[in-house]
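Remarks on the overall topology
What follows is the residue order along each chain.
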Amino acid sequence: MEVNIIGSLNILEAVRKVLPSAKILFIGSSEEYIAKDESLKEEDMVDANNPYGISKIAGENIAKMYAKRYGINVVCTRSFNHTGVGQLDTFAIPSFCKQVAEIEKLGKPRKNLCRKLISI
């Protein structure tokens, strides 16, 4: 909450005061969308069901308010599949990497790994 709401507010306020001509890219998350079993679409309803998603919605709303009220040039996105060091293997890319490493280590895929790879 501090980073995604207060941090965003602090950056937008600093831009407003110091460099109002700056361009701001606000990165949202797929976690902002209502949870569903099918693939998400950009026009799907925004209705987060966890604190992270709620904080991203709030940050995006603040960014949009700064754009409308103060003319700050803000572009909001809801990007998917970010990855990096330390990301849990519950996410797609780390999961794929872990499965490939396990296959390499064993010399051949285990049955449950094959099923996981095929279902993806």
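Below or above, wherever it landed, is the structure these notes cover. Counting from 1, residues in each chain are numbered in the order their sequence is written. A pLDDT threshold of at least 70 governs which residues receive local features in this predicted model, and a stricter bar of 80 or more applies before side-chain atom pairs are shown or counted, although totals over entire chains, interfaces and linings include all residues. Only heavy atoms go into the side-chain values, all of them from the structure, while hydrogens and water stay out.

**Focus on empty space enclosed by the protein**
- Cavity: a set of points on a 1 Å grid over the protein atoms alone where a 1.4 Å probe fits but cannot get out. Pocket: an open set with protein on both sides within 12 Å along at least five of seven lines, its lining residues, like those of a cavity, having an atom within 4 Å of a point. Grid points are joined across faces, edges and corners, and a volume is the space filled by probe spheres set on the points. Considering all chains together, one arrives at one cavity of 30 Å³ or more under this definition.
- Quantified by volume, the largest cavity comes out at close to 40 Å³.
- Taken together, Asn81, His82, Gln87, Phe91, Ala92, Ile93 and Pro94 make up the lining of the largest cavity.
- Class assignment of the residues belonging to the lining of the largest cavity gives a composition of four nonpolar, three polar and no charged. Nonpolar residues are Ala, Val, Leu, Ile, Met, Phe, Trp, Tyr, Cys and Pro. Charged residues are Asp, Glu, Lys and Arg, and all others, Gly as well, are polar.

**Focus: the layout of surface pockets**
- Here the largest pocket defines a volume of roughly 240 Å³.
- Lining the largest pocket we find Gly28, Ser29, Ser30, Glu31, Tyr52, Ser79, Phe80, Asn81, His82, Gln87 and Phe91.
- Of the residues in the lining of the largest pocket, the class split is three nonpolar, seven polar and one charged.
- Considering only enclosed or pocket space, the second largest pocket measures out at about 160 Å³ in volume.
- Around the second largest pocket, the lining residues are Val3, Asn4, Gly7, Ser8, Ile11, Leu12, Ile24, Leu25, Phe26, Ile27 and Lys56.
- Per the convention used, a helix needs a DSSP run of H or I reaching at least four residues, while a strand needs a run of E reaching at least two, with both numbered from the N terminus. Elements represented by at least two residues in the lining of the second largest pocket include exactly α1 (2–18) and β1 (23–27).
- Looking at the lining of the second largest pocket, the element that brings in the most residues is α1, giving six residues.
- When the residues that make up the lining of the second largest pocket are grouped by side-chain class, the tally is seven nonpolar, three polar and one charged.

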